[in-house]
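Spelled out from the first residue to the last, the chains are:
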Amino acid sequence: MKKIFIFTLALVLNIVYIYAEIRSVPSQYVTIQSAINASVHGDTVLVAPGTYLENINFRGKNIVVTSTFYVTNDPSLISSTIIDGSSPTHQDTGSCVIICRGEDSTAVLQGFTITRGTGTKWNDEHFAGLYREGGGILVALSSPIIQNNIIHSNFV
(Lines give C-alpha, C1' and ligand atoms only; values in the text may rest on other atoms or scores of the structure.)
Protein backbone atom coordinates (compact mmCIF):
# COMPACT_ATOMS: atom_id res chain seq x y z
CA MET A 1 0.00 0.00 0.00
CA LYS A 2 2.83 2.39 0.89
CA LYS A 3 4.51 1.79 -2.50
CA ILE A 4 1.26 2.59 -4.35
CA PHE A 5 0.87 5.84 -2.39
CA ILE A 6 4.44 6.94 -3.10
CA PHE A 7 4.08 6.08 -6.81
CA THR A 8 0.78 8.00 -7.03
CA LEU A 9 2.31 11.02 -5.27
CA ALA A 10 5.33 10.97 -7.61
CA LEU A 11 3.01 10.76 -10.62
CA VAL A 12 0.93 13.71 -9.42
CA LEU A 13 4.05 15.82 -8.79
CA ASN A 14 5.37 15.04 -12.28
CA ILE A 15 2.06 16.05 -13.84
CA VAL A 16 2.26 19.41 -12.04
CA TYR A 17 5.72 20.07 -13.51
CA ILE A 18 4.63 19.01 -17.03
CA TYR A 19 2.12 21.84 -17.02
CA ALA A 20 4.52 24.49 -15.75
CA GLU A 21 3.85 27.97 -17.11
CA ILE A 22 5.91 31.03 -17.89
CA ARG A 23 4.38 34.06 -16.21
CA SER A 24 5.64 37.27 -17.81
CA VAL A 25 6.14 40.55 -15.96
CA PRO A 26 4.93 43.18 -16.82
CA SER A 27 3.10 41.95 -19.94
CA GLN A 28 0.85 39.45 -18.09
CA TYR A 29 1.34 40.56 -14.48
CA VAL A 30 1.99 44.12 -13.36
CA THR A 31 4.26 43.12 -10.48
CA ILE A 32 6.70 40.31 -9.79
CA GLN A 33 4.78 39.44 -6.62
CA SER A 34 1.47 39.10 -8.46
CA ALA A 35 3.12 36.64 -10.85
CA ILE A 36 4.57 34.71 -7.90
CA ASN A 37 1.15 34.64 -6.23
CA ALA A 38 -0.39 33.15 -9.40
CA SER A 39 2.37 30.59 -9.88
CA VAL A 40 2.61 26.97 -8.81
CA HIS A 41 5.60 24.69 -8.28
CA GLY A 42 7.64 24.44 -11.47
CA ASP A 43 6.52 27.74 -13.01
CA THR A 44 8.87 30.45 -14.23
CA VAL A 45 8.33 34.14 -13.53
CA LEU A 46 10.10 35.91 -16.40
CA VAL A 47 10.75 39.60 -15.74
CA ALA A 48 11.46 42.17 -18.45
CA PRO A 49 14.03 44.93 -17.87
CA GLY A 50 12.86 47.81 -15.68
CA THR A 51 12.77 48.94 -12.07
CA TYR A 52 10.30 47.10 -9.87
CA LEU A 53 9.60 49.00 -6.66
CA GLU A 54 8.53 46.05 -4.55
CA ASN A 55 9.55 43.42 -2.04
CA ILE A 56 8.94 39.84 -3.12
CA ASN A 57 8.32 36.61 -1.24
CA PHE A 58 8.51 33.15 -2.84
CA ARG A 59 5.80 31.97 -0.39
CA GLY A 60 7.08 28.40 -0.28
CA LYS A 61 6.87 27.92 -4.05
CA ASN A 62 9.61 26.08 -5.90
CA ILE A 63 9.65 28.38 -8.91
CA VAL A 64 12.21 30.20 -11.04
CA VAL A 65 12.13 33.99 -10.76
CA THR A 66 14.42 35.38 -13.42
CA SER A 67 15.08 38.35 -15.64
CA THR A 68 15.29 37.89 -19.39
CA PHE A 69 18.99 37.20 -18.79
CA TYR A 70 17.78 33.60 -18.58
CA VAL A 71 16.70 33.71 -22.22
CA THR A 72 19.48 35.79 -23.80
CA ASN A 73 22.49 35.25 -21.49
CA ASP A 74 23.17 38.98 -21.92
CA PRO A 75 24.75 40.19 -18.63
CA SER A 76 23.62 43.80 -19.25
CA LEU A 77 20.08 42.64 -18.46
CA ILE A 78 21.12 41.96 -14.87
CA SER A 79 21.89 45.62 -14.22
CA SER A 80 18.77 46.79 -16.06
CA THR A 81 16.30 44.54 -14.21
CA ILE A 82 16.08 45.99 -10.72
CA ILE A 83 14.19 44.92 -7.62
CA ASP A 84 14.14 48.08 -5.49
CA GLY A 85 12.95 47.24 -1.98
CA SER A 86 12.95 50.77 -0.61
CA SER A 87 9.18 51.10 -0.21
CA PRO A 88 7.91 48.02 1.66
CA THR A 89 4.20 47.83 2.42
CA HIS A 90 5.13 47.17 6.06
CA GLN A 91 8.23 48.80 7.58
CA ASP A 92 9.25 45.60 9.38
CA THR A 93 9.26 43.54 6.16
CA GLY A 94 11.81 45.39 4.06
CA SER A 95 13.91 42.59 2.54
CA CYS A 96 13.92 42.83 -1.24
CA VAL A 97 13.48 39.05 -1.52
CA ILE A 98 12.27 36.55 1.09
CA ILE A 99 12.75 32.81 0.64
CA CYS A 100 11.97 31.15 3.97
CA ARG A 101 9.19 28.61 3.70
CA GLY A 102 11.11 25.45 2.88
CA GLU A 103 11.86 26.13 -0.77
CA ASP A 104 14.35 23.67 -2.22
CA SER A 105 17.00 23.82 -4.96
CA THR A 106 14.32 24.07 -7.66
CA ALA A 107 13.56 27.56 -6.33
CA VAL A 108 15.82 29.91 -8.32
CA LEU A 109 16.46 33.65 -8.17
CA GLN A 110 18.63 34.96 -10.99
CA GLY A 111 19.39 37.88 -13.23
CA PHE A 112 18.50 40.88 -11.06
CA THR A 113 20.02 43.88 -9.38
CA ILE A 114 18.69 43.74 -5.82
CA THR A 115 18.96 47.03 -4.01
CA ARG A 116 17.71 49.36 -1.27
CA GLY A 117 16.18 46.68 0.96
CA THR A 118 15.97 47.46 4.67
CA GLY A 119 15.71 43.96 6.12
CA THR A 120 12.95 42.07 7.87
CA LYS A 121 12.35 42.17 11.61
CA TRP A 122 11.55 38.66 12.80
CA ASN A 123 12.35 35.90 15.26
CA ASP A 124 15.25 34.16 13.56
CA GLU A 125 14.95 30.45 12.76
CA HIS A 126 16.75 29.50 16.00
CA PHE A 127 14.36 31.60 18.10
CA ALA A 128 17.32 33.45 19.58
CA GLY A 129 15.44 36.71 19.60
CA LEU A 130 14.02 39.42 17.42
CA TYR A 131 16.41 40.60 14.72
CA ARG A 132 16.38 42.64 11.53
CA GLU A 133 18.06 40.53 8.86
CA GLY A 134 18.35 40.11 5.11
CA GLY A 135 18.39 43.61 3.63
CA GLY A 136 18.78 42.30 0.10
CA ILE A 137 17.79 38.65 0.42
CA LEU A 138 16.49 36.81 3.48
CA VAL A 139 16.87 33.02 3.22
CA ALA A 140 15.98 30.71 6.10
CA LEU A 141 15.08 27.03 6.33
CA SER A 142 15.36 26.82 2.53
CA SER A 143 17.98 25.89 -0.05
CA PRO A 144 17.30 27.94 -3.19
CA ILE A 145 19.73 28.62 -6.01
CA ILE A 146 20.68 32.30 -6.10
CA GLN A 147 22.90 33.12 -9.06
CA ASN A 148 23.87 35.85 -11.51
CA ASN A 149 22.59 38.74 -9.39
CA ILE A 150 24.05 42.08 -8.36
CA ILE A 151 23.25 42.76 -4.70
CA HIS A 152 24.21 46.19 -3.40
CA SER A 153 23.16 49.18 -1.26
CA ASN A 154 20.96 47.17 1.09
CA PHE A 155 20.71 47.94 4.80
CA VAL A 156 19.93 46.12 8.00
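In this convention, every chain numbers its residues from 1, walking through the sequence in written order. pLDDT decides what is reported in this predicted model: residues at 70 or higher carry local features, side-chain atom pairs at 80 or more are listed and counted, and totals for whole chains, interfaces and linings draw on all residues regardless. Excluding hydrogens and water, the side-chain values take into account all heavy atoms of the structure.

**With respect to the overall build of the chain**
Next up, step 1: On a plain count of helices and strands, the chain comes out with 4 helices and 15 strands.
Next up, step 2: By residue count, 42% of the 156 residues in the chain fall in the buried class.
Next up, step 3: Under the convention used here, a 1.4 Å probe and the Shrake-Rupley method define accessible areas, while residue burial counts only the protein chains that appear. Surface accessibility of the chain: about 8,500 Å² in total, with carbon and sulfur atoms responsible for 60%. The numbering of helices and of strands both runs from the N terminus, where a helix is a DSSP run of H or I of at least 4 residues and a strand a run of E of at least 2. Residue burial is assigned from relative accessible area. The probe radius is 1.4 Å, only protein chains are included, and a residue is buried under 20% of its type maximum, exposed over 50%, and partly exposed in between.

**Concerning the pairing of strand E2 (residues 44-47)**
Side-chain direction in a regular strand flips from residue to residue, so the side chains alternate between the two faces of the sheet.
Next up, step 1: Covered by surrounding structure in E2 are Thr44 and Leu46 together with Val45 and Val47, the residues of both alternating faces.
Next up, step 2: Only strands joined by at least two bridges in the DSSP assignment are considered to pair. As judged from the 4 bridges shared by strand E1 (residues 22-25) and E2, these two strands associate in the parallel manner. Note that in E2 the partner of Val25 across the bridge is Val47.
Next up, step 3: Handedness of a crossover is defined as follows: orient the strands so they point away from the viewer, and if the path from the first strand over the helix to the second runs clockwise, the crossover is right-handed. With respect to chirality, the unit in which E1 leads through helix H2 (residues 32-38) into the neighbouring parallel E2 is right-handed.
Next up, step 4: Of the pairings in the sheet, the one linking E2 to strand E5 (residues 64-67) comprises 4 bridges and is parallel in character. Pairing of Val47 across the sheet is with Ser67, part of E5.

**Let's talk about the nonpolar core**
Next up, step 1: What is meant by a nonpolar core is a set of buried Ala, Val, Leu, Ile, Met, Phe, Trp, Tyr and Cys residues, joined one to another through side-chain atoms within 4.5 Å. Ranked by size, the top nonpolar core spans 20 residues in total, and within it Ile32, Val45, Phe58, Val65, Val97, Leu109 and Phe112 carry the most contacts.
Next up, step 2: Those elements that place two or more of their residues in this core are H2, E2 and strand E8 (97-99).
Next up, step 3: Ranked by residue count, the leading element in this core is H2, at 3 residues.
Next up, step 4: We call two residues in contact when some of their heavy atoms are within 4.5 Å. Discounting chain neighbours no more than four positions away, the residues touching Phe58 are Ile36, Ile63, Val65, Val97, Ile98, Ile99, Glu103, Ala107, Val108 and Leu109.

**A short note on the sheet that holds strand E15 (residues 150-152)**
Next up, step 1: Taken in spatial order, the 4 strands of this open sheet run E3-E6-E10-E15, and their pairing is parallel. Strands at the two margins of the open sheet, each flanked by one partner only, are strand E3 (50-53) and E15. This sheet shows a mean twist of 15° between the axes of neighbouring strands, independent of strand direction. Only C-alpha atoms enter the line fits that serve as axes; for helices the fit covers just the stretch in contact. Angles between N-to-C directions range over 0 to 180 degrees.

**Structural notes on the side chain of Gln33**
Next up, step 1: Relative to the helices and strands, Gln33 resides in helix H2.
Next up, step 2: Among the residues examined, Gln33 registers a relative accessible area of 11% and is labelled buried.
Next up, step 3: Residues contacting Gln33, with those up to four places away along its chain left out, are Glu54, Asn55, Ile56, Asn57 and Arg59.

**Concerning the pairing of strand E11 (residues 119-123)**
Next up, step 1: Sheet topology places strand E7 (residues 93-94) next to E11; 2 bridges connect them, and they run antiparallel. Counterpart to Gly94 in the pairing with E11 is Gly119.
Next up, step 2: The pairing of E11 with strand E12 (residues 130-133) spans 4 bridges and is classified as antiparallel. Across the sheet, Asn123 pairs through a bridge with Leu130, a residue of E12.
Next up, step 3: Here E11 hands over to E12 after 6 residues, with Phe127 in that stretch at a positive phi of 55°.

**Some remarks on unusual backbone geometry**
Next up, step 1: Omega for the bond connecting Val25 with Pro26 falls within 30 degrees of zero, at 5°, which places this linkage in the cis form.
Next up, step 2: Relative to the helices and strands, Pro26 resides in the loop between E1 and H2.
Next up, step 3: Located in the positive-phi region is Arg116, a residue other than glycine, with phi close to 65°.
Next up, step 4: Along the chain, Arg116 falls in the loop between strand E10 (113-115) and E11.
Next up, step 5: With a phi angle near 55°, Leu141 is a residue other than glycine that sits in the positive phi range.
Next up, step 6: Topologically, Leu141 is positioned in the loop between strand E13 (137-139) and strand E14 (145-147).
Next up, step 7: Residue classification places Leu141 among the exposed positions, given a relative accessible area of 66%.

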